[in-house]
Amino acid sequence: REIRVNRPAGFVEVPGMAKPMDVSMLKMSGVIPSGPPTATVAAVMDPARRAREMYLGNLPEGQMTAEAVRELIAPACLVHPAFNALLGDPVLGVRMPTAKYCFVELQSAELAQAAVQLFNGMEVFGRRLTAQYHALMPDESAAVKAPAAGVLGFGGVL
């Protein structure tokens, strides 16, 4: 589904407000794609990264942020045998496309698998979490299309 970005209903432009930047020269030079991207978010994603990620769903809306997810998962990972202190933090990143679910990138695929076993079914704020190993999930490429270039940053990839 294509994402459209427009002004909100009732928007009134303020005098002196900055105009959108002209990026035509960047498009002509090839720095920015000239048309909408054809790749999907899943196809762009590094397979090694996908192997280190876990899906965490059924999050209590309005109560869980990316930082709260990190604080929930990191302590358990720190004591797991698959954690390697030499590689740094066990949680490398948290992507939250919506308030209902997120993808947590962990230090290794082994740590991601262990976290899925630990957090699947865990109750948080009265909701049972759903945890799945991201590498085993169906490919999202058919359902999730990358937004137009520049909507979420270069190429729209998170």
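Structural data are supplied above this passage.
Description of the structure in this document. From a predicted model like this one, the values you see are computed outputs, not experimental measurements. (Residues numbered from 1 in each chain as written. Predicted model: local features only at pLDDT ≥ 70, side-chain atom pairs only at ≥ 80, totals over all residues. Heavy atoms only, no water.)

This part takes up the pattern of salt bridges. Counted by the stated rule, this structure contains 6 salt bridges. For Arg 95, the salt bridge identified is with Glu 53, shortest N-O distance 3.0 Å. With Arg 95 in strand β2 (residues 91–95) and Glu 53 in strand β1 (residues 53–57), this pair connects stretches of sequence that are 42 residues apart. Of the residues examined, Arg 95 reaches a relative accessible area of 15% and is grouped as buried. Since its relative accessible area comes to 1%, Glu 53 is described here as buried. (Salt bridge = Lys/Arg side-chain N within 4 Å of Asp/Glu carboxyl O. Helix = DSSP H or I, 4+ residues; strand = E, 2+ residues; numbered from the N terminus. Buried < 20%, exposed > 50% of the residue type's maximum accessible area, 1.4 Å probe, protein only.)

Another point: helix α5 (residues 109–119). Given 3.6 residues to a turn, an α-helix orients residues that are three or four positions apart in the same direction. Residues of α5 that are buried include every one of Leu 111, Ala 112, Ala 114, Ala 115, Val 116 and Phe 119, and no others. Close packing links the buried residues of α5 with α3 (47–51), β1, α4 (66–78), β3 (101–106) and β6 (130–133). Once α5 finishes, Gly 121 follows within two positions and takes phi at roughly 90 degrees, a positive value. (Contact = heavy atoms within 4.5 Å.)

Just distances and angles here, no functional claims.
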